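Structural description and commentary
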Amino acid sequence: MARRSSLAYLGLTMVALLCGSAFVMPAVPKSSPEKTQVITAGGALLLASMPAPAYAGGMFDFGLTLPFVALSFLTMMFVLNALWYSPMTEEVDERNAKLLQTLSEATDMLAKADEMQVQYTADIKEAREKASKELADARKATEEAIATEARAADSKREAEARDFKAKLDAEFAEKVKGSESTIKERQQDFVKSSLAAVGL
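Definitions and cut-offs
Residues numbered from 1 in each chain as written. Predicted model: local features only at pLDDT ≥ 70, side-chain atom pairs only at ≥ 80, totals over all residues. Heavy atoms only, no water. Helix = DSSP H or I, 4+ residues; strand = E, 2+ residues; numbered from the N terminus. Areas by Shrake-Rupley, 256 points an atom, 1.4 Å probe, with all protein chains shown as cover. Salt bridge = Lys/Arg side-chain N within 4 Å of Asp/Glu carboxyl O. Buried < 20%, exposed > 50% of the residue type's maximum accessible area, 1.4 Å probe, protein only. Expected span 1.5 Å × (residues − 1). Bend = angle between axes of the 7 residues up to and from the residue. Patch = residues over 30% accessible without salt bridge, like charges linked within 9 Å, V, L, I, M, F, W, Y side chains within 5 Å. pLDDT = per-residue confidence, 0-100. Contact = heavy atoms within 4.5 Å.

What follows concerns the overall build of the chain. Secondary structure summary: the chain contains three helices and zero strands in total. When the helices and strands of the chain are placed in sequence order, the string is α-α-α. Just so you have it, the chain exposes about 18100 Å², and 66% of that area is on carbon and sulfur atoms.

Quick look at the structure:
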């Protein structure tokens, strides 16, 4: 940056020297008095023969000043552009290139993030469906196991109930068989006592 500044100052100094030298009058060689009088008389005659300007001393009486100022302006413009604005433009272009590169990388990263999000969403959906299916299968297997155990328990209970009923029936039949004689005796005693009470 210091090198560019020194080049800029050098260029401005050269422009100032070029511009300043245009305003300095050239040195007039010394001549003899007769020659000077002849030159003066010729100049006077030439000046007298020239027509007077229409607006002498007016606002737009530039003479050679306007082309000189335009030339100075153009020279300074090219010098400043070459020494000052061109390096600055290069830096701005480099910065813009870096910003565009960063923006491009960010866009690529965003696109990759979107792709990853879509992929992860699909994976999560697939995992949920798989887990739901496995849960349904496990529930179905558990329900079947419980139903099988319930059927086995029902059949066991029914078998035990049948066995118990058969046992009770057998015991009842034995007791009935064993008490038939007692019942017949009591029946006969009842009949006799009833008949005796009636008086027969």
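Let's pick the thread back up.
We now examine the pattern of salt bridges. Scanning the model with the defined rule gives one salt bridge in all. A salt bridge links aspartate 154 to arginine 157; its shortest N-O distance comes to 3.1 Å. Of the two residues, aspartate 154 and arginine 157 are both situated in helix 3 (residues 65–198); the distance of three residues between them amounts to about one turn of the helix. A relative accessible area of 33% places aspartate 154 in the partly exposed class.

Next up on the list: helix 3. Along its 134 residues, helix 3 runs just 175 Å from first to last C-alpha, ending more than 12% under the 200 Å computed at 1.5 Å per residue. Bending of helix 3 peaks at approximately 45 degrees at the position of asparagine 81. Of the positions making up helix 3, those classed as buried are Phe68, Ser72 and Pro87.

On the surface, a nonpolar cluster with roughly 430 Å² of combined accessible area is contributed by Phe73, Leu74, Met77 and Phe78. Positionally, methionine 77 belongs in helix 3. With a relative accessible area of 39%, methionine 77 lands in the partly exposed category.

Turning to the confidence of the model for the chain, a few remarks are in order. Averaged over every residue, the pLDDT of the chain is 79; residues scoring 70 or more account for 72%. Across the chain, helix 3 holds the top mean pLDDT of 88, while helix 1 (residues 2–23) sits lowest at 57. Low confidence marks residues 21–26, where pLDDT is under 50. Its contacts with residues over four positions away, or in another chain, come to two contacts.

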